[in-house]
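# A closer look at the structure
The primary structure of each chain is shown beneath.
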Amino acid sequence: AAIGGFVLGIAAAVAAYTLLKPPEVSEERKEFERLKAASLSAGSGGSQSAGLASGEQRNFLCDLVARLWVHLGPAIGDTIKTAIEPMFSDLLPGPLKGLHFAKVDFGQVPMVFDNIVVHPLKDGTIQFDMDVVWDGLCDIDLKAGALEFGVQNIKFFGRMQFVMNPLSDILPCIGAIQYAFVSPPTIDLDFTGLANVADFAAIDKVIQNVLDDIIASLLVLPNRMTFKMDPACDYRKAFVPPIGVARVTAVSGQGFKVEKRRLLKDDVPDVYLKIKLGDKVWQTSMQKNNLTPEWNETADFLLSDNNQVLHVEAWDEDKGMLASDDELGKTSMTIAEILLEGKTKEVELLDSENRGTGAFVTLYCDVCRLKADPKAFDSLPPSNHFGGLLTIIVTKAFNLPLSREEAESSVKVKYGGKEYLTGVVVDVPDCPGWDCLNPVYDVSFLVPITPEHVKEGLPDVIFELQNGSNKPSTLGSFAVSHKSLLAAPENTIKEIRFIGEGGAKLEFHLSLHGIEVVDTGRGPPSKSLVAAESLMASTQGGIGHPLVAPDETPEAQTIPQAADELVKKVKKVYVTIIGGKGFKITKKKFGMK
């Protein structure tokens, strides 16, 4: 939240700079745009690009942050301490539950923002993406009882996406900004003071996992945070839904090796995969004693951007009393990269030093669209497949029967045995426009419809208005039946309903979508077609541009030729170099290295 809030101000600066001072366009860039426009007019009607990645803007942004860092560093430190510290007691195990910050100093090295791409205006939405890089020397002290340790360096890298909508002709012109990391960011903490702690590796891993989970639950697609530029903006209009479902199949593996043992029998690996996209992790079955495992198992993931990264880990299962599973290698790729290879991609696994292991895994991916179809839930989806998606949006409540002093309201939503909670809204007397008796929640929940939901019959959606932060009391509740939702136009209900007997009302939005498997009848798309679609999506399509094409049309058949010409003409790509590891020392004669 602290990083997101900090970057939010930078987002506004980027937007203003982009709108007020467009970059100079080189002749090569003009040629690039001309060819891209030709490709677009052949396949999608010919919208113009507003790609943006000039060195001038990168320097502008970094200079701005560098000058503000003397104030931003302490502000971010205080915010992280306030926001993260209370979570430690809930998320950390055993003796680490009392972990707290004794000191937070982020040093003098500012964050760097690079590789900025502004996508063109589409459907009243502006999107831009940027790399956030930080290699900062810091001084952070943590304590948990008698245990004391610190962090002296933080390495951080992630690509953030900003979406600005709805747009209007009245200042500030932008209703809201939504922001999130496209994929889980990389965080590397260099701890100090743990050398004498026996469980150093375990503590390091636990803290790392907690940080990853916190960021993934708040700031990794499909989860987004929202800031309203216009307080009157309707959050339901600003909400950005997923573009579809990534249906990923773990096909097979090869090149795994037998572990040679001196005293025990050689170990043929029992291989399984862990696959992660966004905030979801899926695990395949284990293939026992197999150097060339075949899984052919499929799982669905919500997809918000074609450049989201799919992380794959291969493990050898060990079931001994004291044994733990052994990692055999890992790799990653974007969804766009898999589609670029004709939906099937074989990739080598890397070890902890990013060296090839000689083992490979093959993945297949298709992108399925979401559609409003009441008949979509008539049949039971296969295991690990989504039957559809329920979108729940809670915007605001009205006329709470409470005094301002006792107001601590929130909304609980129940669906299929799970509960989803909004934040708690309390009175803030010094904040103009803040009204705790007519609280604004502005939160969304994306709930995949599972095979269990379909098998048992789609459940009703239950809303509960409650008050109190520790042991909340219920002020009222109501239910929305799945039958009424399926009968509503576009399977969507937007209403304000009375809740409870005190005169309170609740504003909400529900929509239910099934999954449409796009089948063009021609097998995996050709490499040139997917290349064109991937390039257009990454350079000018942005959100809402699925890479799976609809049925082929005469116009669409000209895309591969335009794409081939475009690829030949492109002279530059912008790359952010983060770092490296695994280099070897070359030993030479006479003791020199």
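Residues numbered from 1 in each chain as written. Predicted model: local features only at pLDDT ≥ 70, side-chain atom pairs only at ≥ 80, totals over all residues. Heavy atoms only, no water.

## Structural notes on the overall build of the protein chain
When its secondary structure is counted, the protein chain shows ten helices and 24 strands. Within the protein chain, the fraction of its 593 residues that count as buried is 45%. Contacts in the protein chain between residues far apart in sequence, at least 24 positions, make up 69% of those at least 6 positions apart. Of the accessible surface of the protein chain, which amounts to about 30,000 Å², a share of 54% is contributed by carbon and sulfur atoms. (Helix = DSSP H or I, 4+ residues; strand = E, 2+ residues; numbered from the N terminus. Buried < 20%, exposed > 50% of the residue type's maximum accessible area, 1.4 Å probe, protein only. Contact = heavy atoms within 4.5 Å. Areas by Shrake-Rupley, 256 points an atom, 1.4 Å probe, with all protein chains shown as cover.)

## Description of the side chain of R236
Mapped onto the elements of the fold, R236 is located in helix 5 (residues 235–238). Note on R236: relative accessible area 19%, which makes it buried. One polar contact links R236 to E507, side chain to side chain, over a distance of 3.2 Å. Leaving out residues up to four positions away in the same chain, R236 has contacts with I393, T395, K494, E495, E507, F508 and H509. (Polar contact = N/O pair within 3.5 Å; in protein donor to acceptor, adjacent residues only side chain to side chain.)

## Some points on the nonpolar core
In this structure, F106 and I154 are the most contacted members of the largest nonpolar core, which totals 48 residues. Those elements that place two or more of their residues in this core are helix 3 (55–91), strand 2 (112–118), strand 3 (126–144), strand 4 (147–167), strand 5 (174–181), strand 6 (186–192) and helix 4 (200–219). A per-element tally of this core places strand 3 first, with nine residues. (Core = buried A, V, L, I, M, F, W, Y, C linked by side-chain atoms within 4.5 Å.)

## Regarding the packing of aromatic side chains
In this description, a pair of aromatic rings is defined by centroid distance and the angle of the planes. Scanning the entire structure with this criterion turns up ten aromatic pairs. Between F463 and F478, the aromatic rings sit 5.2 Å apart at their centres with planes inclined by 35°, giving tilted as the arrangement. In this pair, F463 is assigned in strand 21 (residues 461–467) and F478 in strand 22 (residues 473–480), connecting sequence segments 15 residues apart. Of the two residues, F463 and F478, neither departs from the other in class, the shared state being buried. Centre to centre, the rings of F478 and F508 are 5.5 Å apart; their planes meet at 45°, and the pair counts as tilted. With F478 in strand 22 and F508 in strand 24 (residues 505–516), the pair connects residues that are 30 residues apart, well separated along the chain. The class of F478 is buried, set by a relative accessible area of 12%. (Phe/Tyr/Trp six-rings, centres within 6.5 Å; stacked < 30°, edge-to-face > 60°.)

## Quick notes on the pairing of strand 17 (residues 408–415)
Of all eight residues that make up strand 17, six are buried, and the element is covered over most of its length. Two elements, strand 17 and strand 19 (residues 425–426), share two bridges in a ladder whose sense is antiparallel. Note on strand 19: the bridge partner recorded for E408 is V426. Looking at chain direction, strand 17 and strand 21 are connected through six bridges and run antiparallel. In the sheet register, K412 faces strand 21, and the bridge partner there is E464. Of the pairings in the sheet, the one linking strand 17 to strand 18 (residues 418–421) comprises four bridges and is antiparallel in character. Note on strand 18: the bridge partner recorded for Y415 is K418. Between the antiparallel neighbours strand 17 and strand 18 lie two residues, among them G416 with a positive phi of about 60°. (Pairing = 2+ DSSP bridges.)

## Considering unusual backbone geometry
Across the junction of N165 and P166, the peptide omega takes the value -10°, indicating a cis bond. Assignment of secondary structure puts P166 in strand 4. Residue P172 is reached from L171 by a cis peptide bond, and omega for that bond is 10°. Considering the arrangement of structural elements, one finds P172 in the loop between strand 4 and strand 5. Even without a glycine there, the phi angle at K343 is positive, about 80°. Position of K343 relative to the elements: it lies in the loop between helix 6 (335–340) and strand 14 (344–350). In this structure, D442 is a non-glycine residue whose phi angle is positive, near 45°. Inspection of the secondary structure puts D442 in strand 20 (residues 440–449).

## Considering the environment of N115
Relative to the helices and strands, N115 resides in strand 2. On the basis of relative accessibility, which here comes to 14%, the residue N115 falls in the buried class. N115 sits 16 residues away from D131 along the chain, and the two C-alpha atoms are 5.8 Å apart. Only 3.4 Å separates the side chain of N115 from the side chain of D131, close enough to count as a polar contact.

## Looking at the confidence of the model for the protein chain
When pLDDT is averaged across the protein chain, the result is 80; 76% of the residues are at 70 or more. For the protein chain, per-element mean pLDDT is lowest for helix 9 (residues 527–541), which scores 43, and highest for strand 21, which scores 97. Low pLDDT, under 50, characterises residues 16–25; the predicted model gives this stretch twelve contacts beyond four residues in sequence or across chains. Low pLDDT, under 50, characterises residues 520–563; the stretch is placed with 95 contacts to residues that sit more than four places away or in other chains. (pLDDT = per-residue confidence, 0-100.)

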